[in-house]
Protein chains: 2
Amino acid sequence: MSQNTSNFSKWYIDTVQKADLIDYTPVRGCIAFKPDGYEIWEHIQEEMDKRFKETGHRNAYFPMLIPESFFQKEKDHIEGFSPELPWITEAAGEKLEERLALRPTSETMIGHLYSNWIKSYRDLPVLINQWANVFRWEKKTLPFIRTSEFLWQEGHTAHVDEEDARKETMQMLTIYKEVVEGLLAIPVYDGQKTPSERFAGAIDTFSIEAMMKDGKAVQAGTSHYLGTKFSEAFNIKYLNKENKHAYVHTTSWGTSTRLIGSVIMVHGDEKGLVLPPKIAPTQVVLIPVGPWKKNHAILEKLDEIFVALKAKGIRVRLDDSDQSAGYKYNEWELKGVPIRIELGPRDLENNQGLIKARDVDEKVSIPLESIVESIKKELETMQTRLLEKAKVFRAKNSHTHIDTMEQLKQHLAESEQNGTIPGWILAGWCGDDACEENVKEKTKFTTRNIPFNPPTTKHTCLNCGKEAKHTVWFARAY
Amino acid sequence: MSQNTSNFSKWYIDTVQKADLIDYTPVRGCIAFKPDGYEIWEHIQEEMDKRFKETGHRNAYFPMLIPESFFQKEKDHIEGFSPELPWITEAAGEKLEERLALRPTSETMIGHLYSNWIKSYRDLPVLINQWANVFRWEKKTLPFIRTSEFLWQEGHTAHVDEEDARKETMQMLTIYKEVVEGLLAIPVYDGQKTPSERFAGAIDTFSIEAMMKDGKAVQAGTSHYLGTKFSEAFNIKYLNKENKHAYVHTTSWGTSTRLIGSVIMVHGDEKGLVLPPKIAPTQVVLIPVGPWKKNHAILEKLDEIFVALKAKGIRVRLDDSDQSAGYKYNEWELKGVPIRIELGPRDLENNQGLIKARDVDEKVSIPLESIVESIKKELETMQTRLLEKAKVFRAKNSHTHIDTMEQLKQHLAESEQNGTIPGWILAGWCGDDACEENVKEKTKFTTRNIPFNPPTTKHTCLNCGKEAKHTVWFARAY
Ligand SMILES: [Zn+2]
Ligand SMILES: [Zn+2]
């Protein structure tokens, strides 16, 4: 499975299926998450959910079907989402009076309900999250990254004022950054979206952006300050301490199963998946080698290691199937298992095992008496190493010396000629939509975000050369 | 909120809303689960999920939209579900070529996929569970108990033969019984459904049945042996050890958010919810009483207790709002919080607090130095006590002396006259659908299940007086 720039999407599509993460279905753009794919999501959920609860949020569940009239109430929102909505028009043999959309996001339903739930400043803030399936009927689909149905969490909060709401918006973006970097070992740039890339109905959208191995960007999480746009549309008012009615300020924020796709495209290699230990369904696989069937002591020792690892909460498997050792190596490498332990007769004699981390070439001998400690340590080391590697890759492919469209076009021509990836470019932008649009039209590079902490500051607009108001990441994006 | 037999459903509807578990929405039969309602589900999920994983199951996720042609493949299945399906007919501005149903259950989609996933006996058993939302467009709806959209888990397994599949069917029913009794403190009868009450497409359906406080039954969980009906419909074959193709035997099993409704209807009283400690969002509420605002030591002590309880993993809240103590008592009783601790100036002087369990009338003084231990113990005691109380209630309202339709009619007339609940009756059944149908038509009593361990064995059919083949629970049911 070649991972060449030109073949990257084929590599990706092959890998997610061969590694048993998903299967396609006859329903357009809808995938089935197989257990290994879904378990990655469960690990992400567990960590996110913990962080949400630690910061005072609670989960709730809102109806998936949204009346058409709800969408009409916020004009930017309906404009943004109507091209992608699937509609229920009949149920139980009867035609419905009003069409019901499958939710693409729940701002409208939640806006409607919050207008009943919130009466006084004592009810605020409302800090609610939902884990749910959502639908966006996309034209081009790609497993995990863009599917008609996907799984996500959507936070929806209401606050007394802008300050409190903006604090929430930033807090959640920070949590996303910490979880994506800490758990998925994916470095991200946090920053603000340009107006053209904002969520439909938001005042400000903030995002974390990640670089894939083909140099394209994935928006890995977004957090929106919605101001009073939805509270005005749905009449969410409260009685403040001065006994006056005021509109609440709302936020929403989300991450989705596209994070799984990002993990694959950031860490995977030509042999298949490379999973960060913290989210790997299997963290360690034990493989007997050599003439192990004639030597019962080998399996007995592996059983012993299996039990010891399991007792430490490590997700371990023992592969004592009839396949050859080489076949097993390939199989578990394809599935991205972080650590493999090989044990043969000579190893046993020397009271040692061979440990092989998925992301390095060397095998290392380790004494059996301290094998559990060695594995625990290596899992941690590998987790850090993957993040560091991804940071090095990102740095190498982040270009900060491109200041004009001519230079960008030359850079793209060179990349194409050399078969290298064009990566991201950090450039100035004057703030004019037309400049952003022209860059997109000519190069397919779109603004990813205006990073909070850019590596450097740019002074002239990439497109028009006028004074830059912002320093922006431009990239091709999924 | 009166809980009289005649008012029970009004009591229920009032209580779920006043206790802040749900809200209604403009979408027919779809409720919003508010945080306190959803958290009960989270506790149920956590325990169920643990039990599923301990028995070798893994979670996956399947598309929610099911092509109409899939339903046509199993004739009993489509007959059973087609009256309740909502349909997607358009998406992204275009009419679909084939209508897509919102899943009422996933046997068909999963059947289609398993036919690709299962090739050899080495692939078996397949043990998969899904947590998901499902839709059944019901005519009469009731929060949690019967809603157009609800949340559930559905297990779908495939096995080499009938024996293995039947073992799975029973194993999951046992897990359901243990979780519903152990976690929800609801005693259930496990048994087999009569053919007329089987799942659409099953060979055998087994259920656990619970008695509500109005004497009606709730089917709290079901486990189905599907034989080869779905594997034949979807061509799920495997190569067995003899190198021959054979159909797999499948099972499915489910529990849903109707368990939340059952908890309320089994334990609730005229003051509101009574929640078993293990699933209560708040397990303990601390309330300062008397002139506590003038005596800072009271709040300080309560803060100390709060921290100590939290450290033990107990879900505790401190209510230091401006409301009166009486108001707070009512409020937290309505919400079903298992334990309330009151602390006033005199209590503090005597170094004691008052502990009040939600389900008993007395308050008990306990020494402050051992308060954490006392609370832990009382939470456990209350959990057991609720189950025992529910068992006593069920025994009192389970009638085993009714052998003829005349006796049943007389029993119903007496119940009506006395304003008592008719409860369940254990009666013989000859096995004839017509007898079952006649009982239903005349009394609205339906067969709940044929219990594995009936309190006694019946010998003549309730309806026709002929020899009974089965001893059956009859009851009115939700
Ligand atoms: Zn410009
Ligand atoms: Zn009969």
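Residues numbered from 1 in each chain as written. Chains lettered and ligands numbered in written order. Predicted model: local features only at pLDDT ≥ 70, side-chain atom pairs only at ≥ 80, totals over all residues. Heavy atoms only, no water.

Residues and elements named next belong to chain B. Under the criterion given, the structure shown has seven cavities of 30 Å³ or more. Taken as a whole, the largest cavity encloses approximately 100 Å³ of empty space. Around the largest cavity sit 13 residues that line it, and Asp-36, Pro-281, Thr-282, Lys-335 and Val-337 are the ones nearest its centre. Per-class residue counts for the lining of the largest cavity are eight nonpolar, one polar and four charged. (1 Å grid on protein atoms, 1.4 Å probe; cavity = no way out; pocket = protein on both sides within 12 Å on 5 of 7 lines; lining within 4 Å. Points joined across faces, edges and corners; volume = space filled by probe spheres on them. Nonpolar A, V, L, I, M, F, W, Y, C, P; charged D, E, K, R; others polar.)

Moving on, we get to the coordination of the zinc ion (ligand 2). Residue and element names in this part refer to chain B. The protein atoms that coordinate the zinc ion (ligand 2) are Cys-430 (SG), Cys-435 (SG), Cys-461 (SG) and Cys-464 (SG), at distances spanning 2.3 Å. The site at the zinc ion (ligand 2) holds four donor atoms, and with the angles between them running 103 to 114 degrees, its shape is tetrahedral. Counting gaps between the donor residues of the zinc ion (ligand 2) yields the pattern C-x4-C-x25-C-x2-C. Taken as a pair, Cys-430 in the loop between strand E21 (424–429) and helix H14 (433–443) and Cys-461 in the loop between strand E23 (450–451) and strand E24 (470–475) lie far apart in primary sequence, 31 residues in all. Given a relative accessible area of 13%, Cys-430 falls into the buried group. (Donors = N, O, S within 2.8 Å, 3.2 Å for Na, K, Ca; no water. Tetrahedral: all angles 85-135°; square planar, octahedral: opposite > 155°, others 65-115°. Helix = DSSP H or I, 4+ residues; strand = E, 2+ residues; numbered from the N terminus. Buried < 20%, exposed > 50% of the residue type's maximum accessible area, 1.4 Å probe, protein only.)

Right, let's talk about the pattern of salt bridges for a bit. Residue and element names in this part refer to chain A. Scanning the model with the defined rule gives 66 salt bridges over all chains in all. Across the pair Glu-181 and Lys-177 runs a salt bridge whose closest N-O atoms are separated by 3.4 Å. With a gap of four residues between them, Glu-181 and Lys-177 both fall in helix H6 (residues 162–182), about one helical turn apart. Residue Lys-177 is classed as partly exposed on the basis of its relative accessible area, which comes to 22%. (Salt bridge = Lys/Arg side-chain N within 4 Å of Asp/Glu carboxyl O.)

Turning next to the domain arrangement of chain A. Domain boundaries assigned for chain A yield domain 1 (5–267), domain 2 (284–378) and domain 3 (398–475). A straight line from the C-alpha centre of domain 1 of chain A to that of domain 2 of chain A covers 41 Å. (Domains from an automatic or database assignment.)

UniProt's entry tags residues 28–276 of chain A with the feature "domain: Aminoacyl-transfer RNA synthetases class-II family profile" (unreviewed entry), counted in the numbering of this structure. Taken end to end, residues 28–276 of chain A comprises 32% helix and 33% strand; its first and last C-alpha atoms sit 31 Å apart. (UniProt positions renumbered as here; feature names shortened; annotations may be inferred.)

Next up on the list: the coordination of the zinc ion (ligand 1). All names here are of chain A. Within the protein, Cys-430 (SG), Cys-435 (SG), Cys-461 (SG) and Cys-464 (SG) serve as the donor atoms for the zinc ion (ligand 1), at 2.3 Å. With four donor atoms in place around the zinc ion (ligand 1) and angles of 104 to 113 degrees between them, the coordination shape is tetrahedral. Sequence spacing among the residues donating to the zinc ion (ligand 1) works out to C-x4-C-x25-C-x2-C. On the criterion of sequence distance, the pair formed by Cys-430 in the loop between strand E21 (424–429) and helix H14 (433–443) and Cys-464 in the loop between strand E23 (450–451) and strand E24 (470–475) is long-range, its members being 34 residues apart. What makes Cys-464 partly exposed here is its relative accessible area of 33%.

So, on to the packing of helix H1 (residues 8–18) of chain B against helix H8 (residues 258–267) of chain B. Residue and element names in this part refer to chain B. For the pair H1 and H8, the least separation of the axes is 11 Å and the interaxial angle reads 120 degrees. Comparing the axis directions of H1 and H8 gives the class oblique. The two elements H1 and H8 cross, and the hand of that crossing is right-handed. Two secondary-structure elements touch here, H1 through Phe-8, Trp-11, Tyr-12 and Val-16 and H8 through Gly-261, Ile-264 and Met-265. The class makeup of the residues in the contact of H1 with H8 is six nonpolar, one polar and no charged. (Axes fitted to C-alpha atoms, helices over the stretch in contact; angles between N-to-C directions. Parallel < 35°, antiparallel > 145°, perpendicular 65-115°, else oblique. Left-handed = near helix turned anticlockwise from the far one by under 90°. Contact = heavy atoms within 4.5 Å.)

Further remarks concern the pairing of strand E18 (residues 352–357) of chain B. All names here are of chain B. With respect to burial, E18 is a largely interior element, five of its six residues being buried. Relative to E18, strand E17 (residues 339–343) is paired through four bridges, and the arrangement is antiparallel. Paired with Ile-339 across the strands is Ala-357, a residue of E18. When E18 meets strand E19 (residues 363–367), the two strands line up antiparallel, connected through five bridges. Of the residues in E19, the one forming a bridge with Ile-355 is Val-364. With antiparallel pairing between neighbouring strands as the criterion, E18 and E19 make up a hairpin whose turn holds five residues. (Pairing = 2+ DSSP bridges.)

What follows is about unusual backbone geometry. Residues and elements named next belong to chain A. Note the cis peptide between Leu-124 and Pro-125, where omega equals -5 degrees. Within the secondary structure, Pro-125 sits in the loop between helix H5 (107–117) and strand E7 (126–135). A positive phi angle, close to 70 degrees, is found at Phe-144, a residue other than glycine. Along the chain, the position of Phe-144 falls in the loop between E7 and strand E8 (149–159). For Phe-144, a relative accessible area of 2% puts it in the buried group. In the Ramachandran plot, Asn-235 falls in the positive-phi region, its phi being about 60 degrees despite a non-glycine side chain. Assignment of secondary structure puts Asn-235 in the loop between helix H7 (229–234) and strand E12 (237–239). Among the residues examined, Asn-235 registers a relative accessible area of 43% and is labelled partly exposed.

Our next topic: the sheet that holds strand E10 (residues 204–211) of chain B. Residues and elements named next belong to chain B. Taking strand neighbours across the sheet as the criterion, the eight strands line up as E3-E7-E8-E14-E11-E10-E9-E23 in an open arrangement whose pairing is mixed. Both outer strands of the open sheet, strand E3 (58–59) and E23, are each paired with one neighbouring strand and no more. Sheet analysis places strand E9 (residues 189–192) next to E23, joined by two bridges and oriented antiparallel. Residue pairing in the sheet places Gln-192 in a bridge with Ile-450 of E23. Along the sheet face, helix H2 (residues 35–54) touches E3, strand E7 (126–135), strand E8 (149–159) and strand E14 (249–256) and points at about 165 degrees away from the line of E7.

Residues and elements named next belong to chain A. Counting buried positions along strand E15 (residues 284–288) yields five of five residues, so the element is predominantly enclosed. Residues Val-284, Leu-286 and Pro-288 point to one face of E15 and Val-285 and Ile-287 to the other, with burial holding for every one of them. As defined by bridge partners, E15 adjoins strand E16 (residues 316–318) across three bridges and the pair is classed as parallel. Across the sheet, Val-285 pairs through a bridge with Arg-317, a residue of E16.

Per the counting criterion, the structure on display carries 34 aromatic pairs over all chains. Seen from their ring centres, Phe8(B) and Trp11(B) are 5.2 Å apart, and the 35 degrees between their planes marks the pair as tilted. In this pair, Phe8(B) and Trp11(B) both sit in helix H1, three residues apart, roughly one turn of the helix. Accessibility classification places Phe8(B) together with Trp11(B) in one group, the buried group. Ring geometry for Phe150(B) and Trp152(B): centres 6.0 Å apart, planes at 90 degrees, overall edge-to-face. Comparing Phe150(B) with Trp152(B) shows no difference in burial state: the two are buried. Three or more aromatic residues joined by ring pairs make a cluster, and in this case those are Trp41(A), Phe52(A), Trp131(A), Tyr176(A) and Trp253(A). A cation sits over an aromatic face here: Lys34(A) above Trp117(B), 4.5 Å from the ring centre. (Phe/Tyr/Trp six-rings, centres within 6.5 Å; stacked < 30°, edge-to-face > 60°. Lys NZ or Arg CZ within 6 Å of the ring centre and 35° of its normal.)

Time to look at the environment of Trp41(A). All names here are of chain A. The topology assignment puts Trp-41 in helix H2 (residues 35–54). Taking the C-alpha atoms as reference, Trp-41 lies 8.9 Å from Leu-151; in sequence the two are 110 residues apart. Ignoring anything within four residues of it in the chain, the contact list for Trp-41 reads Trp-131, Leu-151, Trp-152, Thr-255, Ser-256, Thr-257 and Ile-260.

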